[in-house]
Amino acid sequence: MRNTKPETRRRGTPDFQLLILTLLLVGFGVIMVFSSSSSVALLNKEYNFDSLYFVKRQSAFAVLGLFIMLVAMNIKMEKYKKLFVPLFFITILLLIIVLFTGSLNGAKSWLRFGSVGFQPTELAKISIILYLSALIVKKGDRFRDLRTGYIPVTVIVGCVAGLIMLQPDLGSCFILVATSGLIIYAGGASVKHITASIVLLVLGASIVFGIGSLFGGDSGTTDRQAAAKQDYKIGRFQAFLNPEKYRQGTGYNLVQSLQAIGEGGLNGSGFGKGIIKLHYLPNSFNDFIFSVIGEEFGFIGTAIFLMLYLYFIWRGMIIALRCHDPFGTLVGTGIMGLIAIQAFINIGGVTQTIPITGVTLPFISFGGSSLLVMMFSMGIMLSISRENTKQAVQERTTGVAVRNEVPNRFQTRRTNRFR
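Residues numbered from 1 in each chain as written. Predicted model: local features only at pLDDT ≥ 70, side-chain atom pairs only at ≥ 80, totals over all residues. Heavy atoms only, no water.

Q: Looking at this structure, I do not really get the pattern of salt bridges. What am I missing?
A: It is possible for side chains bearing opposite charge to pair when their charged atoms get close. All told, the structure shown has five salt bridges when counted by the stated rule. Between Lys 56 and Asp 50 there is a salt bridge whose closest N-O contact spans 3.0 Å. Given the relative accessible area of 48%, Lys 56 is considered partly exposed. Among the ionic pairs, Glu 122 bridges to Lys 125, the shortest N-O distance being 3.4 Å. Here Glu 122 and its partner Lys 125 are both found in helix 5 (residues 120-139), three residues apart, which amounts to about one turn of the helix. Each of the two residues, Glu 122 as well as Lys 125, counts as buried. (Salt bridge = Lys/Arg side-chain N within 4 Å of Asp/Glu carboxyl O. Buried < 20%, exposed > 50% of the residue type's maximum accessible area, 1.4 Å probe, protein only. Helix = DSSP H or I, 4+ residues; strand = E, 2+ residues; numbered from the N terminus.)

Q: Is there a simple way to think about the packing of helix 5 against helix 13 (residues 326-350) in this case?
A: For any two helices packed against each other, the geometry is given by the interaxial angle and the distance between the axes. One way to put it is that helix 5 packs onto helix 13 with a least axis distance of 9 Å and a crossing angle of 150 degrees. Crossing of helix 5 over helix 13 shows right-handed handedness. Residue-level inspection shows Lys 125, Ile 126, Ile 129, Leu 130, Ser 133, Ala 134, Ile 136 and Val 137 of helix 5 in contact with helix 13, the latter providing Pro 326, Phe 327, Leu 330, Val 331, Gly 334, Ile 335, Leu 338 and Gln 342. Classifying every residue of the contact of helix 5 with helix 13 by side-chain character gives twelve nonpolar, three polar and one charged. (Axes fitted to C-alpha atoms, helices over the stretch in contact; angles between N-to-C directions. Left-handed = near helix turned anticlockwise from the far one by under 90°. Contact = heavy atoms within 4.5 Å. Nonpolar A, V, L, I, M, F, W, Y, C, P; charged D, E, K, R; others polar.)

Q: I'm lost on the packing of aromatic side chains in this one. Help?
A: Each pair of aromatic rings is reported with the distance of its centres and the angle of its planes. With the rule as written, the count across this model stands at 17 aromatic pairs. With 4.0 Å between their ring centres and 20 degrees between their planes, Phe 88 and Tyr 131 make a pair best called stacked. Of the two residues, Phe 88 is situated in helix 4 (residues 77-97) and Tyr 131 in helix 5; the sequence distance between them amounts to 43 residues. With relative accessibility at 14%, the residue Tyr 131 sits in the buried group. Plain terms: the ring middles of Phe 290 and Phe 305 are 6.4 Å apart, the flat faces sit at 40 degrees to each other, and that makes the pair tilted. This pair shows no difference in class: Phe 290 is buried, exactly as Phe 305 is. (Phe/Tyr/Trp six-rings, centres within 6.5 Å; stacked < 30°, edge-to-face > 60°.)

Q: Please clarify how a nonpolar patch on the surface should be interpreted in this entry.
A: On the surface, a nonpolar cluster with roughly 540 Å² of combined accessible area is contributed by Leu 266, Phe 299, Ile 300, Ile 304 and Met 307. The topology assignment puts Ile 304 in helix 12 (residues 289-322). (Patch = residues over 30% accessible without salt bridge, like charges linked within 9 Å, V, L, I, M, F, W, Y side chains within 5 Å. Areas by Shrake-Rupley, 256 points an atom, 1.4 Å probe, with all protein chains shown as cover.)

Q: What is the right way to look at the environment of Ser 383 in this model?
A: Take Ser 383: it is sitting in helix 14 (residues 368-398). Note on Ser 383: relative accessible area 0%, which makes it buried. In the structure, Ser 383 is positioned 311 residues away from Ala 72 in sequence and 7.0 Å away in space, judged by C-alpha atoms.

Q: Help me understand unusual backbone geometry, please; the structure alone is not making it clear to me.
A: As a rule of thumb, non-glycine residues mostly have phi less than zero, and peptide bonds are mostly trans rather than cis. Despite not being glycine, Gln 352 shows a phi value in the positive range, around 65 degrees. For Gln 352, the position within the fold is in the loop between helix 13 and helix 14. The exposure class assigned to Gln 352 is partly exposed, which follows from its relative accessible area of 27%. Within the chain, Phe 363 stands out as a residue other than glycine whose phi angle is a positive 75 degrees. Position of Phe 363 relative to the elements: it lies in the loop between helix 13 and helix 14.

Okay, here's the thing in structure tokens:
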């Protein structure tokens, strides 16, 4: 008894597989940022002709992100249930403030603090996950009711998505809505309500795109500067359907991206030996970093990278589903769903699977805001894993299994499967 009490009181150990996988992805991201940005930075006065300009900044953000992840890992889940409200309202305030700042590349997405920029939309992704998870757990069975449960939750998501669309940032808006939909589904919402919401969303988007196509003009001009002034949503969709037709305008980046991946072949050109990043493909260290991976590591290297990514997401989902706290399960599901959705949108865009929306590849692309928020998210995942191992120790010690008070849809299915 003397040794048992301290063992049950202390926190559990984090999931070392998830921790190591996170560090591997971040380290690989720093390496690929160096490979894809060194030649651009070396020949550009704006970057002080320093080939290490971007990798230095990414490394600094990685070190800061590691510190944030370790701190978040040591915060108990009970604290996150209390922190979600101030974090959510801070996010809303930042999303409003950013609308009154100067635009960059036609969008008002950045808050500048000297030479450092921050995107509130990145913080909004994790904030909405924590907020929705806590709200759904608090409502309990009332969440399935349309007026008192489902509608208030979707109104919150719609308000945040609307603020992001005002920037405008279509890619981040879609990621936030899709992630929120996953949490709402996992929380036990009625399938009829979700289906109706999807239908309304598609109809609304169709109307917006239809009006834009009527008054947006022709985006297929050969003048790249004129094409850039056209509605970016319509232009990217047209480039997705026929990139060769618009290769001198909105389809230029996609054509270069596909060429880079094709040039990689089976084995790739070798690390640092890619050609397409040499001023042919803009943002090769950011939105199109997967294209550089495809060219330099080929099909084999890309397949290994994707398998590592898939195992990372699978490991995170296992941790989420093993959590005995419904709040932790929904948060973990939302975080891993966010990473999976954003990775799919990035990779799908640069491979012409879906239209390009301009989002980063989690942990890999250059970008301080994205990396810091992702590592903070992984700190939360590791905190959930610590709660899991602590609970497992308590169950072995007491012989009593602890169940969720408010089981969600995923856990209910898992329980029924083994009955």
